[in-house]
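Each chain is listed here by its residues.
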Amino acid sequence: MLSMTGYGRGEYKEGGIELTAEVKTVNNRYLDVSVKCPRLFVAYEDVMRSIVREKLTRGHADVFIGFSDKRDKQRSLYLDESTATAYAEAARRIKSLFPDAADDFSVTGILRYPDVIKAEDSCSADDECINALKTALGCALENLNGMRSTEGAKLKDDMLRRMDTIERLVSDVEKRAPLVAEGYKTKLETKMKKILEGVEVDEGRLLTEAALFADKSNIDEELTRLHSHISQFREICKEEIVGRKLDFLVQEFNRETNTICSKSNDLEITRLGLALKNEIEKVREQVQNVE
């Protein structure tokens with residue numbers, strides 16, 4: 001079982017290339033991947049998302065890439081002519097507005113302006129850079145999943161303990177259920193005798209009313225399904241990717257418990273049913289953290 005929350009970091013340092021990849025994940029119903037990286041790797045964002053999707057199935061993942069290239073290699077520069085022209089035109093306009101101002105506009109000066117000169121190698125990544133990216137990101141995802149696995153084990157233990165509590169509550173409801181019809185029959189007989197003031201109560205009619213009540217308040221099917229859900233929950237917890245299955249199963253737990261509360265007509269069963277709903281809600285909250 002894996003938690004949807006975690007953090008992993010991977011590094012690549014070789015041949016002058018230093019690249020770090022960090023992946024942080026939080027809860028989300030579906031898989032959503034956000035990538036923040038240098039311009040060098042913008043064209044490879046889909047590649048990074050594909051690598052992440054191979055390791056994750058649910059959750060929101062933020063991917064951060066840091067990069068430094070210290071290799072000795074020939075670099076070529078790119079002149080952004082439109083940007084340089086805009087600076088020059090702006091300088092001429094300022095000169096016309098302030099003719100007495102000293103004119104220190106020069107070729108050397110314009111080279112210092114932002115974005116006029118760009119290194120061409122900043123616009124694309126070579127094979128060595130891509131290999132570094134994949135290696136570091138793969139390492140980050142492995143570390144991420146290690147953390148998610150540790151957290152997932154804790155979530156699993158917590159949910160299974162709560163499942164034991166749910167099973168005990170269901171057993172208590174099961175023990176109480178047969179007494180409800182008998183209690184109703186006794187109360188009805190006492191009430192009828194009081195109303196009729198000594199007249200003998202029709203035992204057959206009394207039994208018929210008790211039978212109708214017992215049928216109306218019968219919760220055997222709901223209890224059987226709850227026992228089945230408990231067993232399925234424990235089996236599913238043995239798998240690795242369980243979030244969607246458990247999410248559906250918890251909804252079924254709630255449905256059966258709501259039916260029991262509505263059919264019970266008994267304060268004790270209602271109390272147990274509310275305790276059941278409380279535990280089921282706690283399990284539901286934990287399931288939202290599971291992939």
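As shown above, the structure is provided for reference.
Notes on the structure in this doc start here.

Parameters and conventions
Residues numbered from 1 in each chain as written. Predicted model: local features only at pLDDT ≥ 70, side-chain atom pairs only at ≥ 80, totals over all residues. Heavy atoms only, no water. Pairing = 2+ DSSP bridges. Helix = DSSP H or I, 4+ residues; strand = E, 2+ residues; numbered from the N terminus. Right-handed = clockwise from strand over helix to strand, strands pointing away. Phe/Tyr/Trp six-rings, centres within 6.5 Å; stacked < 30°, edge-to-face > 60°. Buried < 20%, exposed > 50% of the residue type's maximum accessible area, 1.4 Å probe, protein only. Contact = heavy atoms within 4.5 Å. Expected span 1.5 Å × (residues − 1). Axes fitted to C-alpha atoms, helices over the stretch in contact; angles between N-to-C directions. Parallel < 35°, antiparallel > 145°, perpendicular 65-115°, else oblique. Left-handed = near helix turned anticlockwise from the far one by under 90°. Nonpolar A, V, L, I, M, F, W, Y, C, P; charged D, E, K, R; others polar. Core = buried A, V, L, I, M, F, W, Y, C linked by side-chain atoms within 4.5 Å.

**With respect to the pairing of strand β4 (residues 59–69)**
Next up, step 1: Two elements, strand β2 (residues 17–26) and β4, share 10 bridges in a ladder whose sense is antiparallel. Looking at β4, one finds that alanine 21 is bridged to isoleucine 65.
Next up, step 2: For strand β3 (residues 31–36) and β4, the ladder comprises 6 bridges, and the chain directions are parallel. Opposite valine 33, over in β4, you have alanine 61 as the bridge partner.
Next up, step 3: On the question of chirality, the crossover connecting β3 to the parallel β4 by way of helix α1 (residues 45–53) is left-handed.

**Section: the packing of aromatic side chains**
Next up, step 1: Considering all chains together, one arrives at 3 aromatic pairs under this definition.
Next up, step 2: Here the aromatic rings of phenylalanine 233 and phenylalanine 253 are separated by 6.4 Å at their centres, their planes lie at 80°, and the arrangement is edge-to-face. Of the two residues, phenylalanine 233 is situated in helix α6 (residues 220–236) and phenylalanine 253 in helix α7 (residues 243–263); the sequence distance between them amounts to 20 residues. An identical accessibility class is assigned to phenylalanine 233 and phenylalanine 253; each is buried.

**Quick look at the environment of phenylalanine 67**
Next up, step 1: Within the secondary structure, phenylalanine 67 sits in strand β4.
Next up, step 2: The spacing of phenylalanine 67 and threonine 20 is 47 residues in sequence and 6.5 Å in space, taken between C-alpha atoms.
Next up, step 3: Residues contacting phenylalanine 67, with those up to four places away along its chain left out, are Ile17, Glu18, Leu19, Pro38, Leu40, Phe41 and Cys129.

**Section: α7**
Since the α-helix packs 3.6 residues into each turn, any two residues three or four apart lie on the same face.
Next up, step 1: Over its 21 residues, α7 runs 31 Å from end to end, which matches the ideal 30 Å to within 8%, given 1.5 Å per residue.
Next up, step 2: Backbone geometry just downstream of α7 places asparagine 265 in the positive-phi region, at approximately 55°.

**Looking at the packing of α6 against α7**
Next up, step 1: The geometry of α6 relative to α7 is characterised by a closest axis approach of 10 Å and an angle of 160° between their N-to-C directions. In terms of orientation, α6 and α7 fall into the roughly antiparallel class. Read as a crossing pair, α6 and α7 show a hand that is left-handed. In contact with Glu222, Leu223, Arg225, Leu226, His229, Ile230, Gln232, Phe233 and Ile236 of α6, α7 contributes Lys245, Leu246, Leu249, Val250, Glu252, Phe253, Glu256, Thr257, Thr259, Ile260 and Lys263.
Next up, step 2: Here the residues of the contact of α6 with α7 are counted per class, giving 10 nonpolar, 4 polar and 6 charged.

**Here's the deal with the nonpolar core**
Generally speaking, soluble globular proteins have nonpolar side chains that are buried together.
Next up, step 1: Core analysis: the biggest nonpolar cluster contains 29 residues, and Met159, Ile166, Phe233, Leu246, Phe253 and Val283 have the highest contact counts within it.
Next up, step 2: Elements supplying a minimum of two residues to this core: α4 (127–196), α6, α7 and α8 (267–287).
Next up, step 3: The residues contacting phenylalanine 233, other than those within four sequence positions of it, are Met159, Met163, Leu246, Leu249, Val250, Phe253 and Val283.
Next up, step 4: Ranked by size, the runner-up nonpolar core spans 26 residues in total, among them Cys37, Met48, Leu137 and Leu144.

**Some words on the environment of glycine 273**
Next up, step 1: Mapped onto the elements of the fold, glycine 273 is located in helix α8.
Next up, step 2: For the pair glycine 273 and leucine 169, spaced 104 residues apart in the sequence, the C-alpha separation amounts to 8.0 Å.
Next up, step 3: Excluding its chain neighbours within four sequence positions, the residues that come into contact with glycine 273 are Thr257 and Cys261.

**Regarding the sheet that holds β3**
Next up, step 1: Pairing is mixed across the open sheet formed by 4 strands, whose spatial order is β1-β2-β4-β3. Unpaired on one side and paired on the other, β1 (6–14) and β3 mark the two borders of the sheet. Strand-to-strand twist of the sheet, defined as the mean angle between neighbouring strand axes without regard to direction, takes the value 15°.
Next up, step 2: Across 9 bridges, the pairing between β1 and β2 is antiparallel. In the sheet register, glutamate 14 faces β2, and the bridge partner there is isoleucine 17.

That is the geometry; function is a separate question.
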